Amino acid sequence: MADLNELKEQIKEIQNEVKKSLEGIDSSKGLYEYKKLMLDGKRGKIGSLMRGMGSVPKELKGDYGKNINALKEWATDLFDEIDNKLKQQERNLRYEAEKIDVTEPAAKTAVGRLNPITMVKYELTDIFTAMGFEVYEGTEIETDYYNFTALNTPDDHPARDMQDTFYFPDGTLLRTHTSPVQIRAMLEYGAPLRIICPGKVYRRDNDTTHSPMFNQMEGLLVDKNVPFSVMKGTMAEMLNAFFGKSLKYRFRASYFPFTEPSMELDIECVECSGHNEHCRVCHGTGWLEVAGMGMVHPNVIRAGKIDPDEYNGFAFGIGLDRMSMLKYGISDLRLLFDGNVSYFLSGFGGVERC
């Protein structure tokens, strides 16, 4: 390029381009990259101008070089000015983010929270006590009589095979359900009687949906002329209060040696309400089992030293672990027992459903 006028025109274009580009740069890092791009001796628009010196006549080389050096000086000064402003802004932002107010009160530290099973136990206890039930807790180490025989389960009864039991050498056992408390309460208090019995039970089982130790809540109502409808109404009221909304439910015929007739209570899936065949909670069935129940067998009433011709009643058993998983969206039963404090502090890894 031998024409100085043409050079000066190009310099003006470069200056306008630099000014416009700088308006869109908001960080010192971005400015550094742009400065390097413009002043680079090989590829930069400013830095590479000197490469045209070879085609400039000897008498014009001095003016040609002065113009290019003036452009470099102008660009360098402008870059430095903008760089100082951007770095100051970044320092101010970093200061605001990192500064500590030593007079500010310390934030409270969470020290823990109740296990979901405990919270569900307390909530169900409140629901049933509001209906007039009292809490009665029995022993976890039981005799074969209270755990099986008094509950209408003789030695050769096949129902014993339904529960794989932990036995001790002396013949006692870890209770397989909370139902033995029914007998002990009837023997102690007689009738009429209205109790719930929350507690731990034990069976030989262990996977994602079963644990060798789990939690149940037994319920027992014994009085004169108790109709079947009272049991159904009691369980429906419990469901509405616990889940905070009206859910579809159904009663299915079942078998328990200590109740006749016996039923199981299902509710509509709290995850999909039966509208997702691939649902991870109900596996596409649309229903979830939450409790077993029935009218107390006359032999069980009789084992409690109460006359079954004068009194009758109903009993139910609720799985507290299952209710906890449904309430808080917990997919693996083992999470309730593995001691992962951070999991519970974070809200059980999910959102409370109700």
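Here we summarise the structure given alongside this text. (Residues numbered from 1 in each chain as written. Predicted model: local features only at pLDDT ≥ 70, side-chain atom pairs only at ≥ 80, totals over all residues. Heavy atoms only, no water.)

1. What about the overall build of the chain?
Okay, step 1: Of regular secondary structure, the chain possesses 10 helices and 9 strands.
Okay, step 2: Of all 354 residues assigned to the chain, the portion counted as buried reaches 42%.
Okay, step 3: By sequence separation, contacts in the chain at least 24 residues apart represent 66% of the contacts at least 6 residues apart.
Okay, step 4: Here the chain displays about 19,800 Å² of accessible surface, and carbon together with sulfur accounts for 50% of that area. (Helix = DSSP H or I, 4+ residues; strand = E, 2+ residues; numbered from the N terminus. Buried < 20%, exposed > 50% of the residue type's maximum accessible area, 1.4 Å probe, protein only. Contact = heavy atoms within 4.5 Å. Areas by Shrake-Rupley, 256 points an atom, 1.4 Å probe, with all protein chains shown as cover.)

2. Some details on the packing of helix α1 (residues 4–23) against helix α3 (residues 61–98)
Okay, step 1: Remark: α1 packs on α3, axes separated minimally by 10 Å, with the N-to-C direction vectors making an angle of 5 degrees. Judged by the inter-axis angle, α1 sits roughly parallel to α3. Along the contact surface, α1 presents L4, L7, K8, I11, I14, Q15, V18, K19 and L22, while α3 presents D63, Y64, N67, I68, L71, W74, L78, F79 and I82. (Axes fitted to C-alpha atoms, helices over the stretch in contact; angles between N-to-C directions. Parallel < 35°, antiparallel > 145°, perpendicular 65-115°, else oblique.)

3. Describing the pairing of strand β8 (residues 287–296)
Okay, step 1: Across the 10 residues that make up β8, a large majority, 8, are buried.
Okay, step 2: Judged from the 8 bridges that link them, strand β7 (residues 259–268) and β8 form a sheet pairing that is antiparallel. Within β8, the residue paired with T259 across the bridge is V296.
Okay, step 3: For β8 and strand β9 (residues 312–319), the ladder comprises 5 bridges, and the chain directions are antiparallel. Within β9, the residue paired with M293 across the bridge is F316. (Pairing = 2+ DSSP bridges.)

4. Remarks on the pairing of strand β5 (residues 213–223)
Okay, step 1: By the criterion of burial, β5 is predominantly enclosed, with 9 of the 11 residues buried.
Okay, step 2: Pairing analysis gives 10 bridges linking strand β4 (residues 193–202) to β5, with the strands arranged antiparallel. Residue pairing for β5: Y202 is matched across the bridge by M213.

5. Some remarks on the pattern of salt bridges
Okay, step 1: Considering all chains together, one arrives at 11 salt bridges under this definition.
Okay, step 2: Linking R204 and D164 is a salt bridge whose minimum nitrogen-to-oxygen distance equals 4.0 Å. In this pair, R204 is assigned in the loop between β4 and β5 and D164 in the loop between α5 (144–147) and β3 (173–174), connecting sequence segments 40 residues apart.
Okay, step 3: Residue classification places R204 among the partly exposed positions, given a relative accessible area of 47%.
Okay, step 4: Between E264 and R252 there is a salt bridge, with the nearest N and O atoms lying 2.8 Å from each other. On the criterion of sequence distance, the pair formed by E264 in strand β7 and R252 in strand β6 (residues 249–256) is long-range, its members being 12 residues apart.
Okay, step 5: Relative accessible area serves as the criterion here: at 14%, E264 is assigned to the buried category.
Okay, step 6: If you follow the salt bridges from partner to partner, you end up with R250, R252, E264, D266 and E289 in one network. (Salt bridge = Lys/Arg side-chain N within 4 Å of Asp/Glu carboxyl O.)

6. Digging into the environment of P227
Okay, step 1: Residue position: P227 is located in the loop between β5 and α7 (228–243).
Okay, step 2: Taking the relative accessible area as the measure of exposure, P227 reaches 38% and is therefore partly exposed.
Okay, step 3: In this structure the C-alpha to C-alpha distance between P227 and N312, which are 85 residues apart in sequence, comes to 8.8 Å.

7. Thoughts on α7
Okay, step 1: With 16 residues, α7 extends 23 Å from end C-alpha to end C-alpha; this agrees with the ideal 22 Å at 1.5 Å per step.
Okay, step 2: Every buried residue of α7 is listed here: M231, T234, M235, A236, M238, L239, F242 and F243.
Okay, step 3: For α7, the secondary structure elements touched by its buried residues are α4 (116–130), β6, β7, β8, β9 and α9 (320–328).
Okay, step 4: Immediately downstream of α7, the backbone of G244 shows phi near 70 degrees, a positive value. (Expected span 1.5 Å × (residues − 1).)

8. A short note on the nonpolar core
Okay, step 1: The biggest cluster of nonpolar side chains holds 43 residues, and the ones touching the most others in it are L124, M238, F243, I267, F316 and I318.
Okay, step 2: Filtering out sequence-adjacent residues up to four positions away, L124 remains in contact with M217, M238, F242, I318 and L320.
Okay, step 3: Y146, A150, V222 and Y311 belong to the second-largest nonpolar core, a separate cluster that totals 22 residues. (Core = buried A, V, L, I, M, F, W, Y, C linked by side-chain atoms within 4.5 Å.)

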